[in-house]
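# Tertiary structure, described
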Amino acid sequence: MIIWDLLFILLMVLAGTTIWKLRQQSELAKKITEMHCQKLDLQLLSFSRSRFNFKLGSDFLQANFVFEFSSDGDNNYQGTLTLNGLVKPRFQLPAYRVVDEQQSFH
């Protein structure tokens, strides 16, 4: 009986840690995406996690995020962000229309 209790506690700790890491990764990904869009003078419209998977190693959570952005206020585009753990962000953005400074969002 005591072995099953310990196993249950261990599984609960493992599940809680995984959920905490997933939340931490999502918050960091949104912050990185906001900074990237601001740097490129883009308006971030939406942001969501598209998928994740586990792998062995220190960066055990690999996740893909999808975000929509606009460069001119009329058209919207979809980009992706891939994160390994909490490091190595990789952005993929499609070709988008670049607007003049007079039409900027600022």
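Here, every reference points to the structure presented above.
Cut-offs and rules
Residues numbered from 1 in each chain as written. Predicted model: local features only at pLDDT ≥ 70, side-chain atom pairs only at ≥ 80, totals over all residues. Heavy atoms only, no water. Helix = DSSP H or I, 4+ residues; strand = E, 2+ residues; numbered from the N terminus. Expected span 1.5 Å × (residues − 1). Buried < 20%, exposed > 50% of the residue type's maximum accessible area, 1.4 Å probe, protein only. Salt bridge = Lys/Arg side-chain N within 4 Å of Asp/Glu carboxyl O.

## Focus: helix α1 (residues 2–39)
- Its 38 residues give α1 an end-to-end C-alpha distance of 55 Å, which sits within 8% of 56 Å, the value for a rise of 1.5 Å per residue.
- Every buried residue of α1 is listed here: Thr18, Leu22, Gln25, Ser26, Ala29, Ile32, Thr33, His36 and Cys37.
- Positive backbone phi, at 60°, marks aspartate 41, one or two positions downstream of α1.

## Observations regarding the pattern of salt bridges
- Under the criterion given, the structure shown has two salt bridges.
- Glutamate 27 is paired through a salt bridge with arginine 23; the nearest N and O atoms lie 3.5 Å apart. Linking glutamate 27 with arginine 23, this pair stays in helix α1, spanning four residues, or about one helical turn.
- The exposure class assigned to arginine 23 is partly exposed, which follows from its relative accessible area of 49%.
- Aspartate 72 is paired through a salt bridge with arginine 97; the nearest N and O atoms lie 3.0 Å apart.

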